[in-house]
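Fold and geometry: a report
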Amino acid sequence: MEMPAPKRAIIGRKPAIAAALREVLPADAVIDAPEETRAYECDALSAYACQPLAVTLPRSTAEVAAVLKVCHAMGVPVVPRGSGTSLAGGALPTADCVVLGIGRMNRVLETDYDNRLIRVEAGRTNLSVTGAVEAEGFFYAPDPSSQLACAIAGNVAMNSGGAHCLKYGVTTNNLLGVTLVQMDGTVVEIGGPWMEAPGLDLLGVICGSEGQLGVVTEATLRILPKPEGARPVLVGFDSNEVAGACVSDIIKSGILPVAIEFMDRPCIRATEAFAKAGYPDCEALLIIEVEGSPAEIDEQLARIRAIALSHNPVEFREAADEDQAKRIWLGRKSAFGAMGQINDYMCLDGTIPVSALPYVLRRIGEMSAEFGLDVGNVFHAGDGNMHPLILYNANTPGDLERCEAFGAEILKLCVEVGGCLTGEHGVGIEKRDLMTVQFSPEDLEAQMRVKDVFDPKWLLNPAKVFPLSASESRRAG
Amino acid sequence: MRPVSEDELSEMLRGAGGGPFRLRGGGTRAIGRMAGEVLDCSGLGGVRLYEPGALTLVVGAGTALAEVEVLLAAERQRLAFEVPDLRGLLGRAGVSTMGGVVAANASGPRRVQSGACRDSLLGVRFVDGAGMAIRNGGRVMKNVTGYDLVKLMAGSRGRLGVLTEVSLRVQAMPEVEVTLVGARAAGAGLAALRGALQSPFDVSGAAFDRGRALIRVEGMEGSVRYRAQELRRRLGGDWALCEGAESAAIWAGVRDVAALVGSLGSIWRLVVTPTAAEGIVARLGGGTAVIDWGGGLLWLETPPGQAEAVRAAVAGQGHATLMRPAPGDEDVPALPPEPPGLVALSDALRARFDPRQLFAA
């Protein structure tokens, strides 16, 4: 993955930039010693790393605005950072940038159960938003796998999803408002406790803009009453095709499970060896979870059982109690760890129409043989959001490049069948140069215009999302 | 002008000498002063793709809403966001189109459960003011590839470009719907709606209409019975249960604001912080109001000349749109003023997408 050459003129001014930042921030909020900035050299796409010029860790919206004002005046690029869990390189620094970490801003500002919302500082972690309201029987729905660590700021930037978004939607569907600091330091409030924007839906375009339009310092989030209970079933099939058809039939039947997860044989085997969840050794496995009171769950599961049995599964397993429910989820939840035990892996995130599932899985299998790299598939089947995990060895020269080439082919396939490059991780640097597969130059131009409006100098996270060649003239300024 | 393809529309706009144009789907939802040449989008229709097993629908923007509803009903599916039919209220005839629905982000009572039109919208194609055809989003449920111009276009009322195609997530029709109906004063009614929305019983409608608190649950038979029972117990007081066609009629009335059809005053649509609803209604004289979204949406009738009072009443708590001016209110701007900090951003976006102000009407 290529990154633009850092601007030497900016690097040369490092002492002046650090001094200017120290003038507006407390001493402990500016880091510029190389041994300390190293902690910020990468995010969860750890194959790529680069030490930034400096790191700032502001504690308030005013301090964020101050940092941005300084950087804007001095022409220094800024890379915003939540918790650094991006799998797409969304928080990867450049050598000429200042990282703006929002992690110290993690307070709950307001909980309002009558209007079903919570207002938090955006450095707060996803799971601790639910933590703040669960005693009252509420939760925050989007649940990315990194929810223990990932920050709301990053969730808003990437429009994060999770396993349960089939029913509850992704971040954009659960976001009511933000406090946004623009690159020039201007602070604006967008949205609020009401359910509709008075003019253009700016909130809608800020969510998922990968930290390129502004820095979100506070967010107003929808909270929902927790369902009375939830219960998963596990269904095994001897063909991906049949498992795909079963998913389609369940969706069409009108039952809305909160999650339908899919694992293929390589993933099942790896997981079984690692976590010993007791999964059947079969071609494809579905985990379907429904919610409600015990009687409501029984009613839905009876329907799901009937649909599943009509597809002749090799196994249909209902969780009789909490312990069995945990075992059903155990393998799925340890899938990434299990694959990581075998080798390094790259996790893709393309989405496809559910109807294309069998074809896409077959093609991935064929490509796996062509590239000579193993791949396991674990994904959110209900919404077609795939997560192929390609195994490679980072210590073998050329392996990463081969893995990336394989990944690119899979993502092109996703677009070809009517899907997209990324369902919930974001473009970052990882999919940046594939954007032309999905979008025409006009489509990209329309998106870049939006950045022109919010960040005319293209200083915020500039080397992300858009192919470097497409954004070059704008970044040159 | 009545283009019948995106290409033709592009060419027309590229060659257009000047504006403004009045974008028109079926002419059922436009509000405010309308000036300029009509750009009739009803020729841009046609179902492009419908996959019931994937809950996805792609149609040309000129496709009639009614056609979509019939198509979906044949598979026992529907649009989740329960599109209001405001023809009665606004005194319009005409055939509502999907492009118009999306451009107005038209969303009914199920907003509280399934979100607004924008939340069901998966993708758009549109032509901007320079005649450039742009695609954003797609047809899959989860998509974070590039900026979300889909949301930006929803509710943009044609000010950034002309929608030519929309992709939507659809939902299965429930087996059963039941509505709890309770005669209440406004305060007690709104409290009941809040209680229902705070319960785990997955309420799909929470409205207050003509002295009655209305709470809807939908889904599988056993589940609906159970939830209706639990809600009754939890909320206390007398609740009648309506179901089937009777329940559907109640919600059509809320959705289409039947209570105010035929009234003579100015009709306002207020989107507010739900807990502020009661105070705002009282402050504005306590006339007939239809309250939906658990308090978040208010439909009010006022005598002419009340625009300032209405907008002052919602200041800091939401915003007010003048949907139908009574004689005397014709010069009142229909759309609410944008928040001061955002005007510059909105104006700059419009200037980028519509540099010649073709869609300024």
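Residues numbered from 1 in each chain as written. Chains lettered and ligands numbered in written order. Predicted model: local features only at pLDDT ≥ 70, side-chain atom pairs only at ≥ 80, totals over all residues. Heavy atoms only, no water.

Some thoughts on the overall build of chain B
Counting its secondary structure elements, chain B contains 13 helices and 16 strands. The C-alpha radius of gyration of chain B comes to 21 Å, within 12% of the 21 Å expected for a compact globule of 361 residues. Looking at chain B as a whole, 61% of its 361 residues are labelled buried. Working note: accessible area of chain B is about 12600 Å², and carbon and sulfur atoms make up 52% of it. Side chains of chain B give 40 positive and 37 negative charges; the mean places of these two sets differ by 3 Å. (Helix = DSSP H or I, 4+ residues; strand = E, 2+ residues; numbered from the N terminus. Rg over C-alpha atoms; globule rule 2.2 N^0.38 Å. Buried < 20%, exposed > 50% of the residue type's maximum accessible area, 1.4 Å probe, protein only. Areas by Shrake-Rupley, 256 points an atom, 1.4 Å probe, with all protein chains shown as cover. Lys, Arg positive; Asp, Glu negative; His and termini not counted. Charge placed at Lys NZ, Arg CZ, Asp CG, Glu CD.)

Details of the domain arrangement of chain A
Each domain of chain A was delimited in the assignment, giving domain 1 (8-103), domain 2 (108-225), domain 3 (230-335) and domain 4 (343-416). A separation of 30 Å is found between the C-alpha centroids of domain 2 of chain A and domain 4 of chain A. (Domains from an automatic or database assignment.)

So, the sheet that holds strand β9 (residues 187-191) of chain A
Residues and elements named next belong to chain A. Spatially, β5-β6-β10-β8-β9 is the arrangement adopted by the five strands of the open sheet, whose pairing is antiparallel. Each of the sheet's edge strands pairs with one partner strand only, and the pair in question is β5 (108-112) and β9. The sheet shows a mean angle of 10° between the axes of neighbouring strands, direction not considered. Examined bridge by bridge, strand β8 (residues 175-181) and β9 share five bridges and lie antiparallel to one another. Each bridged residue has a counterpart across the sheet, and for Val178 the counterpart in β9 is Ile190. Lying over the sheet, helix α5 (residues 126-133) contacts β5, β6 (117-121) and β10 (215-222), oriented at roughly 130° with respect to β6. (Pairing = 2+ DSSP bridges. Axes fitted to C-alpha atoms, helices over the stretch in contact; angles between N-to-C directions. Contact = heavy atoms within 4.5 Å.)

Describing the packing of aromatic side chains
Per the counting criterion, the structure on display carries nine aromatic pairs over all chains. Aromatic side chains Trp458(A) and Phe466(A) sit 5.9 Å apart centroid to centroid with 50° between the ring planes, which places their arrangement in the tilted category. Using a relative accessible area of 0% as the deciding quantity, one classes Phe466(A) as buried. Ring centres of Phe126(B) and Phe353(B) lie 6.2 Å apart, and the angle between their planes is 45°; on these two criteria the pair is classed as tilted. Here the residue Phe126(B) occupies a position in strand β6 (residues 121-127), and Phe353(B) occupies one in helix α13 (residues 340-353), the gap between them amounting to 227 residues. One exposure class covers both Phe126(B) and Phe353(B), and it is buried. Ring pairs connect the aromatic residues Trp458(A), Phe466(A) and Tyr147(B), which therefore count as one cluster. Its guanidinium or amino end placed over the ring of Phe353(B), Arg449(A) lies 4.8 Å from that ring's centre, counting from NZ or CZ. Between Arg216(B) and the ring centre of Trp251(B), over which it is positioned, the NZ or CZ distance is 4.7 Å. (Phe/Tyr/Trp six-rings, centres within 6.5 Å; stacked < 30°, edge-to-face > 60°. Lys NZ or Arg CZ within 6 Å of the ring centre and 35° of its normal.)

Re the packing of helix α17 (residues 441-454) of chain A against helix α18 (residues 468-475) of chain A
Residues and elements named next belong to chain A. Interhelical geometry of α17 versus α18 gives an angle of 30° and a closest axis separation of 12 Å. In terms of axis orientation, α17 runs roughly parallel to α18. Here α17 and α18 pass one another in a crossing that is right-handed. Residues Glu445, Met448, Arg449 and Asp452 of α17 pack against Ala470, Ser471 and Arg474 of α18. (Parallel < 35°, antiparallel > 145°, perpendicular 65-115°, else oblique. Left-handed = near helix turned anticlockwise from the far one by under 90°.)

Describing the interface of chain A and chain B
Each partner contributes residues to the interface: chain A has 86 residues there, and chain B has 76 residues. For the chain A face of the interface with chain B, the top three residues by lost area are Met195(A), Leu200(A) and Arg449(A), together amounting to 13%. Counting every contact that joins chain A to chain B gives ten salt bridges. Joining chain A to chain B, the criterion identifies 31 residue pairs in polar contact (both at pLDDT 80 or more). Looking at the side of chain A that touches chain B, its residues break down into 37 nonpolar, 28 polar and 21 charged. (Buried area = accessible area lost by both parts, 1.4 Å probe. Salt bridge = Lys/Arg side-chain N within 4 Å of Asp/Glu carboxyl O. Polar contact = N/O pair within 3.5 Å; in protein donor to acceptor, adjacent residues only side chain to side chain. Nonpolar A, V, L, I, M, F, W, Y, C, P; charged D, E, K, R; others polar.)

Comments concerning helix α14 (residues 357-371) of chain A
All names here are of chain A. The end-to-end C-alpha separation of α14 is 21 Å, in line with the 21 Å expected for 15 residues at 1.5 Å each. Within the span of α14, buried status applies to Leu357, Pro358, Val360, Leu361, Ile364, Met367 and Ser368. Where α14 is buried, its residues meet α9 (240-253), β13 (259-264), β17 (375-380), β18 (388-392) and α15 (399-416). After α14 finishes, the residue Gly372 shows a positive phi value of roughly 70°. (Expected span 1.5 Å × (residues − 1).)

Topic: the domain arrangement of chain B
Residue and element names in this part refer to chain B. Assigned domains of chain B: these are domain 1 (6-172), domain 2 (176-255) and domain 3 (258-324). A separation of 22 Å is found between the C-alpha centroids of domain 2 and domain 3. Both sides together, the interface formed by domain 2 and domain 3 hides about 1000 Å², and carbon and sulfur atoms give 59% of it. Of all residues in domain 2, Leu190, Phe208 and Arg210 give up the largest surface area on contact with domain 3, accounting jointly for 39% of the area buried on that side. Our count for the domain 2 to domain 3 interface comes out at zero salt bridges. For the interface between domain 2 and domain 3, the tally reads four residue pairs in polar contact (both at pLDDT 80 or more). Contributing elements (two or more residues each) for the side of domain 2 that touches domain 3: α8 (186-197), β10 (205-209) and α10 (244-255). Counting residues per element, the side of domain 2 that touches domain 3 draws most heavily on α8, which supplies five residues.

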